[in-house]
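Each chain, letter by letter, is given below.
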Amino acid sequence: MTAQATTPTHPLLEAHEGVLDEIRQALTSRSWYSRYPESPSPRVYGESAAAEGLAAHEAHLGQPYAALSSQPTDGTFVGSEVSPYGPTLGVTYPALDVDAGLAAARAAIPAWRDAGPQVRAAVCVEIVDRINRRSFEIANAVMHTSGQPFVMSFQAGGPHAQDRAIEAVAAGLVEQERVPSSVVWEKPGRDREGNPAPTRMQKDYRIVPRGVALVIGCNTFPTWNAYPGIFASLVTGNPVVVKPHPRAVLPLAISVEVAREVLAESGFDAALVQLAAEADGQGLAKTLAERDEVAIIDYTGGPAFGAWLEQSAAANGTLVYTEKAGINSIVIDSTDNLRGMLGNLAFSLTLYSGQMCTAPQNLYVPGDGIDTDEGHLSFDELGDRIAGAVGRLTGDDAKAVELLGATVNDQVRSNADSLTQLAADADGRVVLESRRVTHPAYADAVVRAPGLVAVDVAREDVYTQECFGPVGFLIRTASTEQSLAQLADTVREHGAMTAAVYSTSEEVLEQARDAAAQGGVALSENLTGQVFVNQTAAFSDLHGTGANPAANAAYTDAAFVANRFRVITSRRHV
């Protein structure tokens, strides 16, 4: 028998109780749900929202970030962000006093723990709602730290990231609510005279957090990849230290500022969320990861440090959730909508110059070509048609930059410059050069359109390396069967966040589903419209699977949240 628990109360719980019901249902149904409109239209956010957001962003530039001055600090300021579009941001951030910051985080746990899952979830919803109000400000910050084009910065850095945050809140809330707060346990029995004499006990179940959580952000998607870990830990009772990438601090500084404001206004300690900014090359992530106080780590970034976290930090008992590098693949067998397929592929290759963990790199095509609704195309003809589609999409510089954004670092630029050498080394051919695009507003931005190199399937030494950025490989295989086998093997050995297939054959599609399941990667089939392999929908699509080397976790399944808290029982006879 479940005993009646004391109903938690808090003004924000009363304000957001309906929202909590909505997000519980959305998580269960896996249907479309979005709390935050993705369009930056003035009809949605107000006529003055864009201008006010830009002004708020510009007010940060060249200034210390004073709104975080209440954090424990060692008295110094750090910051070296330079926009991929050229301008130096000049924002500096108070350097966290690690000892004092971690002590403050731990001291904040009891009140936050005892508030209970529903109150924590309501406070988290309020935080994300307040972040949403600053979406235009954050969009400018994301644009000028990641190099994303503005509309993508608004959508991926704003509402889409915010929906992922709310999804993590929902997942954490639901998992905690599986555990009743109190039950009366009764075991049937009889006394010595044979009369009913059940054994009865009161059992109370208390949700307790694991400890301080560390979120290590990335350069390319500073909010989208950080919010799930931040809010999964926060809703389950853990304080969070946010360690942004040193070249993408501002979007997370704004987010942390909002979180601290809401927490303080709600009667909780602002130390539950702290920013740990660092100078470029300082190595603060490793320092924090090795601290005994840190019980949970969420990481997005390169494979070397991610592997170290998975091995060294996890060996010390720290929970480690990682998203690293992967090689995303598309198998092209046939299509009944060539125009739609080409348009979809061109957009997927072009968006943000391929600087997405979900962007396709390897396109497997049978050497004898494919059948289409416009007739048979040879391998080379298909390559030329894909190149033509990309060229049409990116041919106008002024329009192209709104899709491509700017390249985020020198490695991406080097990869874009390497196509001729790649083709020569692999005995292949350059199907499409990575064109240099001139940005009409930012002369210093390095903008590159996608390039494509055709190689033989035997050259695994070339195409099984991640070539991050605007570089794709058109891989000639002996058959679709070999294409699918390569997809499964590549994913299993090297990891992937996405995979796709084009075929008019149900048998091939079923084989592709099996190959994706064997490799452990999510599969998209015959995308020809406005859904793209690089994009996922919160509350419906899982981002990553945790089933291949690219990531050991998924946004957001039960495994991503359930181990962030433990259940402590106390029992007594009644």
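In what follows, the structure referred to is the one given above.
Not measured: the values here are computed from a predicted model.

Draft legend 1. Expanded view of helix α13 (residues 303-315). For α13, which comprises 13 residues, the first-to-last C-alpha distance of 17 Å matches the rise-based estimate of 18 Å (1.5 Å per residue) to within 8%. Those residues of α13 that sit buried are G306, L309 and A313. Buried positions along α13 lie against β5 (212-216), α12 (284-289), β8 (294-300) and β9 (319-323). Among the residues trailing α13, G317 stands out with phi positive, at a value near 95 degrees.

Draft legend 2. Structural detail: the packing of aromatic side chains. For the coordinates displayed, the defined rule picks out 16 aromatic pairs. Arranged with centres 5.7 Å apart and planes meeting at 85 degrees, the rings of F221 and Y352 form a pair that is edge-to-face. Here F221, found in the loop between β5 and α10 (227-235), pairs with Y352, found in the loop between α14 (338-350) and β11 (362-366); they are 131 residues apart in sequence, far enough to count as distant. Grouping residues by exposure puts F221 and Y352 together as buried. Aromatic rings pair up to connect W224, Y321, Y555 and F560 into one cluster. Sitting over the face of the ring of W185, K203 holds its NZ or CZ atom 4.1 Å from the ring centroid. The aromatic ring of F379 is capped on one face by R476, whose charged end is 4.1 Å from the ring centroid.

Draft legend 3. Representation of empty space enclosed by the protein in the model. One pass over the full model with this rule turns up three cavities of 30 Å³ or more. The computed volume of the largest cavity comes to approximately 130 Å³. If you trace the largest cavity, you find 18 residues lining it, with G354, A359, P360, Q361 and G469 closest to the centre. Taken together, the residues that form the lining of the largest cavity break down as ten nonpolar, seven polar and one charged.

Draft legend 4. Representation of unusual backbone geometry in the model. Of note, the bond from Y555 into T556 is cis; its omega dihedral lies within 30 degrees of zero at -15 degrees. Along the chain, T556 falls in the loop between β20 (523-525) and α22 (558-562). We note that R30 has phi near 60 degrees; this positive angle belongs to a residue other than glycine. For R30, the location among the structural elements is in the loop between α1 (11-29) and α2 (42-45). Classification of R30 as partly exposed rests on a relative accessible area of 29%.

Cut-offs and rules
- Residues numbered from 1 in each chain as written.
- Predicted model: local features only at pLDDT ≥ 70, side-chain atom pairs only at ≥ 80, totals over all residues.
- Heavy atoms only, no water.
- Helix = DSSP H or I, 4+ residues; strand = E, 2+ residues; numbered from the N terminus.
- Expected span 1.5 Å × (residues − 1).
- Buried < 20%, exposed > 50% of the residue type's maximum accessible area, 1.4 Å probe, protein only.
- Contact = heavy atoms within 4.5 Å.
- Phe/Tyr/Trp six-rings, centres within 6.5 Å; stacked < 30°, edge-to-face > 60°.
- Lys NZ or Arg CZ within 6 Å of the ring centre and 35° of its normal.
- 1 Å grid on protein atoms, 1.4 Å probe; cavity = no way out; pocket = protein on both sides within 12 Å on 5 of 7 lines; lining within 4 Å.
- Points joined across faces, edges and corners; volume = space filled by probe spheres on them.
- Nonpolar A, V, L, I, M, F, W, Y, C, P; charged D, E, K, R; others polar.

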